[in-house]
Amino acid sequence: MRVITGSLRGMKLKTLEGLEVRPTTDQVKESVFSIIQFEVPGARVLDLFAGSGQLGIEALSRGASHATFVDNRGASISVVRENLSHTHMEDKSTVKNEDSISYLQRTNETFDIAFLDPPYGKGLVLKALEFLPQKMSNGGVIVCETSKEETLPESAGKFLLYKEYKYGKIKITVYRTREEND
């Protein structure tokens, strides 16, 4: 796994091993960042269910001003911290070892871009979408990665389903505010 482009282009990132881990492929990651490329520079990013932190680190490499990484697994948080240290992005990052839904319920932070890539089939995106819209800036964008079988709602707060993209067994769902959709 590597950073695709930007200031960290080509840097290798660590990932956890095992069946529970499902890193976003380079093809899907490249597609996601093509969709949101103009929103990334200067953005405050949330990498929820962070895993290795690769989506947030990719955003930092492409000019995001700050990334917050949230995951409830200690092993994932260790890998995120290692990757941030390796890429020298600790000063542009906040790392939270806690349940993602609990974090959304209590945080006062506001984000411009949110990446949701939880374990598939557990309804975690639906739970996160209950609380996330209130934490997003006007004109923000929410990017969800799920299995292609998972159905997500047409709207989440002021955010409307903008577009779905399918890559094999993976579905990327992008939400934008009504103004962004017009």
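All values derive from a computational prediction rather than experimental measurement. (Residues numbered from 1 in each chain as written. Predicted model: local features only at pLDDT ≥ 70, side-chain atom pairs only at ≥ 80, totals over all residues. Heavy atoms only, no water.)

Asks: Talk me through the sheet that holds strand β4 (residues 111–116); I want residue IDs and the actual numbers.
Replies: Within a sheet, each strand pairs with its neighbour through backbone hydrogen bonds, oriented either parallel or antiparallel. A sheet is described by the order of its strands in space; here eight strands give the open sequence β3-β2-β1-β4-β5-β8-β7-β6, paired in mixed fashion. A single partner strand is all that each edge strand has here, and the edge strands are β3 (93–97) and β6 (155–156). As judged from the eight bridges shared by strand β7 (residues 159–167) and strand β8 (residues 170–177), these two strands associate in the antiparallel manner. Within β8, the position partnered with Glu164 by the bridge is Thr173. Lying over the sheet, helix α1 (residues 26–35) contacts β4, β5 (136–147), β7 and β8, oriented at roughly 15° with respect to β8. Its contacts with the sheet place helix α2 (residues 54–61) against β1 (44–48), β2 (66–71), β3 and β4, and it is angled at close to 175° to β2. (Pairing = 2+ DSSP bridges. Helix = DSSP H or I, 4+ residues; strand = E, 2+ residues; numbered from the N terminus. Contact = heavy atoms within 4.5 Å. Axes fitted to C-alpha atoms, helices over the stretch in contact; angles between N-to-C directions.)

Asks: Just give me the short version of unusual backbone geometry, but keep the residues and values in it.
Replies: Not every positive phi belongs to a glycine, and Phe49 is a case in point at roughly 60°. Counting through the fold element by element, Phe49 comes out in the loop between β1 and α2. A relative accessible area of 12% means that Phe49 is categorised as buried. Here the phi dihedral of His88 falls at roughly 60°; this positive angle occurs in a residue that is not glycine. Taking relative accessible area as the criterion, His88 reaches 60% and is therefore assigned exposed. (Buried < 20%, exposed > 50% of the residue type's maximum accessible area, 1.4 Å probe, protein only.)

Asks: So what's going on with the side chain of Thr68? Residues and values would help.
Replies: You can see Thr68 is positioned in strand β2. You can call Thr68 buried: its relative accessible area is 0%. When sequence neighbours within four positions are dropped, the list of residues in contact with Thr68 reads Val45, Leu46, Asp47, Thr94, Lys96, Tyr103, Glu109 and Phe111.

Asks: Outline the environment of Ile101, listing residues and values.
Replies: Assignment of secondary structure puts Ile101 in helix α4 (residues 100–106). Residue Ile101 is classed as buried on the basis of its relative accessible area, which comes to 11%. Along the chain, Ile101 and Leu129 lie 28 residues apart, while their C-alpha atoms are 9.3 Å from each other. Filtering out sequence-adjacent residues up to four positions away, Ile101 remains in contact with Phe49, Leu124, Lys127, Ala128 and Phe131.

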